[in-house]
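Read off the chains here:
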Amino acid sequence: MPKNKTHSGTSKRFKVTGSGKIRRLQAGRKSGAAFASAPTTGSRKKHRRNAGMVELEKADVKRVKKMLGI
């Protein structure tokens, strides 16, 4: 039986915790400079809210696990 290859793009975007949960980066982080005050770049509050990792949605877990080779 051949081995499954890990999808390289998926391995860069998702991390598996010790308990087996899958985490991803929070969406909406790319637009605007982090601490600029112009109206189009967003507030400090918005950038704090979008910081860090969040748990993957239940509907996507099966697909991502297959791509990670888990």
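As annotated in an unreviewed UniProt entry, the protein chain is Large ribosomal subunit protein bL35 from Nocardioides astragali. For the protein chain, the Sequence similarities (unreviewed entry) comment in UniProt is given as "Belongs to the bacterial ribosomal protein bL35 family."

Some remarks on the nonpolar core
Buried together is how nonpolar side chains tend to be arranged in soluble globular proteins. Phe14, Ile22, Leu56, Val64 and Leu68 together form the largest nonpolar core, which totals five residues. Beyond its immediate stretch of four places on either side in the chain, leucine 56 contacts Phe14, Ile22, Arg23, Arg24, Val61 and Val64.

Section: the pairing of strand β2 (residues 22-25)
Going residue by residue along β2, you find Ile22 and Arg24 tucked away on one face and Arg23 and Leu25 left uncovered on the opposite face. Here three bridges tie strand β1 (residues 14-16) to β2, and the two strands are oriented antiparallel to one another. Residue pairing in the sheet places valine 16 in a bridge with isoleucine 22 of β2. Adjacent in sequence and paired antiparallel, β1 and β2 are bridged by five residues, among which glycine 20 carries a positive phi angle near 95°. Taken together, the three bridges between β2 and strand β3 (residues 53-55) define a ladder with antiparallel strand orientation. Looking at the pairing, arginine 23 lines up with glutamate 55 of β3.

Some thoughts on a positive patch on the surface
Taken together, the side chains of Arg44, Lys45, Arg48 and Arg49 define a basic patch exposed on the protein surface. Assignment of secondary structure puts arginine 48 in helix α2 (residues 44-49).

Here we look at the pattern of salt bridges
Opposite charge on two side chains allows them to pair when their charged atoms are near. Per the counting criterion, the structure on display carries two salt bridges. A salt bridge links glutamate 57 to arginine 24; its shortest N-O distance comes to 2.8 Å. Placement of glutamate 57 in the loop between β3 and α3 (58-68) and of arginine 24 in strand β2 is noted, with a sequence separation of 33 residues between them. Take glutamate 57: its relative accessible area is 36%, and that puts it in the partly exposed class. A salt bridge links aspartate 60 to arginine 63; the shortest N-O distance between them is 2.8 Å.

Rules used throughout
Residues numbered from 1 in each chain as written. Predicted model: local features only at pLDDT ≥ 70, side-chain atom pairs only at ≥ 80, totals over all residues. Heavy atoms only, no water. UniProt positions renumbered as here; feature names shortened; annotations may be inferred. Core = buried A, V, L, I, M, F, W, Y, C linked by side-chain atoms within 4.5 Å. Buried < 20%, exposed > 50% of the residue type's maximum accessible area, 1.4 Å probe, protein only. Contact = heavy atoms within 4.5 Å. Helix = DSSP H or I, 4+ residues; strand = E, 2+ residues; numbered from the N terminus. Pairing = 2+ DSSP bridges. Patch = residues over 30% accessible without salt bridge, like charges linked within 9 Å, V, L, I, M, F, W, Y side chains within 5 Å. Areas by Shrake-Rupley, 256 points an atom, 1.4 Å probe, with all protein chains shown as cover. Salt bridge = Lys/Arg side-chain N within 4 Å of Asp/Glu carboxyl O. Lys, Arg positive; Asp, Glu negative; His and termini not counted. Charge placed at Lys NZ, Arg CZ, Asp CG, Glu CD.

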